[in-house]
Amino acid sequence: MIITASDCFSMAATTRSTLFHKSLRCSKVFKLNPVSSNRAFQRIKATLITNSESFEVGNLIGSYGFMNITSYTGFPSVPDIEFPPEDIPRLRVPDVGEGSVKVRLYEGRVSQGPLRGTPVILKVYPGQRTGGVEADMMAANELNAHAFLQNSSKGICQNLQILLGGFETKTGEQWLAFRNYGKYSTADYGKIASEKMSENRTLKELKVWNPFEQDQKIKRRRIFVIKLLQGILRGLAFMHDHNRLHQSLGPASVVLNTIAEREAAYLVPRLRDLAFSVDISYSSLEQNAGTLSEGLWRRASAAGAFTPMEKRAFGIADDIYEAGLLFAYLAFVPFSEPGVMDSLSLQRLLESTFRLDLDATREYCLADDRLLEAIKFLDLGNGAGWELLQAMLNPDFRKRPIAEAVLNHRFVTGAVL
């Protein structure tokens, strides 16, 4: 599933409440996955806050939903591009519809106990009456994934959002409390950076343009984006090293502690939205697939991955593909003006128009002056960005690099800057 955050962080004028309303008092806590119920895991469970009265709820931050690709339709004609007749039936684009589960986000803080005063983000899944059984499964899966990853012998990963607690209300809503490291997502950063590109064009037209200052801004943006990529990939590498897939990686699923490009040295991206996370330990792969991972394993079978080892490799490669699409988003959206490129249109361009041929994609983009800075960014290091993007989006899942290899690529290390 794809996460959409069109209204994710639109601030709402809600009255701050200092305590939960009585109707929100905890009726029962989440049930953690019994497969993972070892002693260490139970210690992590015991540290989570499961009492609703331990939190104070503040302003509504916003809401976001999950989009389903329901079917594929024929790709519309593209000016100046001709396709062989035999290829036309295969050029299809997804029809995307919003799923039934929509979560709300609130500011808040811990009101009692050793973490008293700690700022939190409260994520609310709807009850079964509104969101169906799927909402309950997503909430429980997200809690289980975080609890497991926070139990690592390697310690807490700074590039993953930290879960502090969770509970279910009498109304059936599932509440998860995460440490608040910032309200902005990569999607928010992309939107704001894109708007600044438009402002720069206006200044140029008004002839109040400082070329040196503009060059410095672009350099800062490149550094910021690469630092952002490094954090995303470290979080993903940590998950894969612990036999967990993300499976919903996108611009809205990465939270940032800053979006100021001058503060790139202090940037810490953190992966969130683990509702579709999948356990790829061999013991889990030998059991029946869960409902939330059925689509993944159908795609694995279609790609020729049948054994547990093949399925595990496919799952990791599938996450890398999503990371590749996110890389493409970060290479294009912050370096182009609003409306020129968005995540869905970029995905369609890569997958449906050029069928993951990055050389052809580059030739097409060269004809659009509005994409010039994006092309220059990927051209760094004699085309190192295009090289990495092609590897991550390789149609053959067996040829995609693992997260550690991507982290060590010269484009991500910053050697090209």
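In this text, all values refer to a predicted model and were calculated from it rather than measured experimentally.

1. Brief notes about the overall build of the chain
Step number 1: Secondary structure assignment for the chain yields 12 helices and 12 strands.
Step number 2: Counting over 417 residues, the chain shows a buried share of 53%.
Step number 3: Roughly 19700 Å² of accessible area belongs to the chain as shown, and the carbon and sulfur atoms make up 51% of that amount.

2. Here we look at the environment of lysine 217
Step number 1: Structurally, lysine 217 is set in helix H4 (residues 211-241).
Step number 2: Of the residues examined, lysine 217 reaches a relative accessible area of 27% and is grouped as partly exposed.
Step number 3: Placed 45 residues apart in sequence, lysine 217 and arginine 262 show a C-alpha to C-alpha distance of 9.0 Å.

3. With respect to the packing of helix H7 (residues 308-332) against helix H10 (residues 372-392)
Angle between the axes and distance between the axes are the two parameters that describe a pair of packed helices.
Step number 1: Contact pair H7 / H10: the axes reach a minimum separation of 10 Å and the direction vectors enclose 165°. Classified by the angle their axes make, H7 and H10 are roughly antiparallel. Judged by the twist between their axes, the crossing of H7 over H10 is left-handed. Between H7, through Ile320, Tyr321, Ala323, Gly324, Phe327, Ala328, Ala331 and Phe332, and H10, the contact on the second element is made entirely by Ala374, Phe377, Leu378, Gly385, Trp386, Leu388, Leu389 and Met392.
Step number 2: A per-class count over the contact of H7 with H10 returns 14 nonpolar, 2 polar and no charged.

4. A word on the sheet that holds strand E8 (residues 184-185)
Step number 1: Here we have 3 strands laid out as an open sheet, ordered E8-E10-E11, and antiparallel in their pairing. Of all the strands in the sheet, the pair left with one neighbour each is E8 and strand E11 (270-271).
Step number 2: Relative to E11, strand E10 (residues 254-256) runs antiparallel, the two sharing 2 bridges. Note on E11: the bridge partner recorded for valine 254 is leucine 271.

Rules of the game
Sequence order sets the numbering: in each chain, residues are counted from 1 along the sequence as written. Two thresholds apply to this predicted model, a pLDDT of at least 70 for residue-level local features and 80 or more for giving and counting side-chain atom pairs, whereas whole-chain, interface and lining totals are computed over all residues. Side-chain metrics in this entry use all non-hydrogen atoms of the structure; hydrogen atoms and water are not considered. Secondary structure elements are defined from DSSP: runs of H or I of at least 4 residues count as helices, runs of E of at least 2 residues count as strands, and each element is numbered from the N terminus. The buried label goes to any residue with under 20% of its type's maximum accessible area, the exposed label to any with over 50%, and the partly exposed label to all in between, with areas taken from a 1.4 Å probe on protein chains only. What sets the accessible areas is the Shrake-Rupley method with a 1.4 Å probe; for residues, cover comes only from the shown protein chains. Helix axes use the C-alpha atoms of the stretch in contact, all axes being lines fitted to C-alpha atoms, and the angles between their N-to-C directions lie in the range 0 to 180 degrees. Relative orientations are named as follows: roughly parallel for angles under 35 degrees, roughly antiparallel for angles over 145 degrees, roughly perpendicular for angles from 65 to 115 degrees, and oblique for any other angle. Whether a crossing is left-handed or right-handed is set by the direction in which the near helix is turned from the far one by less than a right angle, anticlockwise for left-handed and clockwise for right-handed. Contacts: residue pairs with any heavy atoms within 4.5 Å of one another. Residues are sorted three ways: Asp, Glu, Lys and Arg are charged, Ala, Val, Leu, Ile, Met, Phe, Trp, Tyr, Cys and Pro are nonpolar, and all the rest, Gly among them, are polar. The pairing criterion for strands is at least two bridges between them, as found by DSSP.

By themselves, these figures tell us nothing about what the structure is for.
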